[in-house]
Amino acid sequence: MDDITWEEPFCGGGASCFRLGTDAAGNAYVAIAGAEDAALTDSREALRRMILDIKAGKADHLL
């Protein structure tokens, strides 16, 4: 996973920080900051869809 470009961590209220990353092959990664070697992997399109769905409120019931 050396070719992943990681974004700065997203942290909230002292909880775990999450990082998003992408690579040149079109893959997307989601990991807990500090545990990037155990990232979840899917396509950039899947990451895009997840972000759009979250922004649309489809995960509000988890809050």
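In the block above lies the structure referred to throughout.
Let me sum up the structure you'll find in this document. Numbering of residues begins from 1 in every chain and follows the order in which that chain's sequence is written. Local features in this predicted model are restricted to residues whose pLDDT is 70 or higher, and side-chain atom pairs enter the listing and the counts only when it is 80 or higher, whereas totals over whole chains, interfaces and linings include all residues. The side-chain figures draw on all heavy atoms in the structure; neither hydrogens nor water molecules are used.

**As for the overall build of the protein**
The test is simple: The secondary structure listing takes helices from DSSP runs of H or I that are at least 4 residues long and strands from runs of E that are at least 2 residues long, numbered from the N terminus. For every residue, the accessible area (1.4 Å probe, protein chains only) is compared with the maximum for its type, and the residue is labelled buried under 20%, exposed over 50%, or partly exposed between those bounds. The criterion used for residue contact is that any of the two residues' heavy atoms lie within 4.5 Å. Working definition of accessibility: Shrake-Rupley area with a 1.4 Å probe, residue cover restricted to the visible protein chains. As used throughout, the charge tally considers Lys and Arg to be positive and Asp and Glu to be negative, leaving His and the chain termini uncounted. Charge coordinates come from a single atom per side chain, which is NZ of Lys, CZ of Arg, CG of Asp or CD of Glu.
Of the regular secondary structure elements, the protein holds 1 helix and 4 strands. Along its sequence from the N terminus, the protein presents helices and strands in the succession β-β-β-β-α. With respect to the three principal axes, the spread of C-alpha positions in the protein is 35 × 30 × 15 Å. Residues counted as buried form 19% of the 63 residues belonging to the protein. The contacts of the protein with a sequence gap of at least 6 include a subset with a gap of at least 24, amounting to 14%. Surface exposure of the protein reaches about 4,700 Å², of which carbon and sulfur atoms provide 57%. With 6 positive and 11 negative side-chain charges, the protein shows a spacing of 10 Å between the two charge centroids.

**Quick word on the pairing of strand β3 (residues 27–32)**
Selection rule: A pair of strands is considered paired only if DSSP assigns at least 2 bridges between the two.
Bridge analysis of strand β2 (residues 18–22) against β3 gives 5 bridges, and the strand direction is antiparallel. If you follow Thr22 over to β3, its bridge partner there is Ala28. In this structure, the hairpin formed by β2 and β3 is closed by a connection of 4 residues, where Gly26 is found at a positive phi of approximately 90°.

Purely geometric stuff here, so don't read any function into it on its own.
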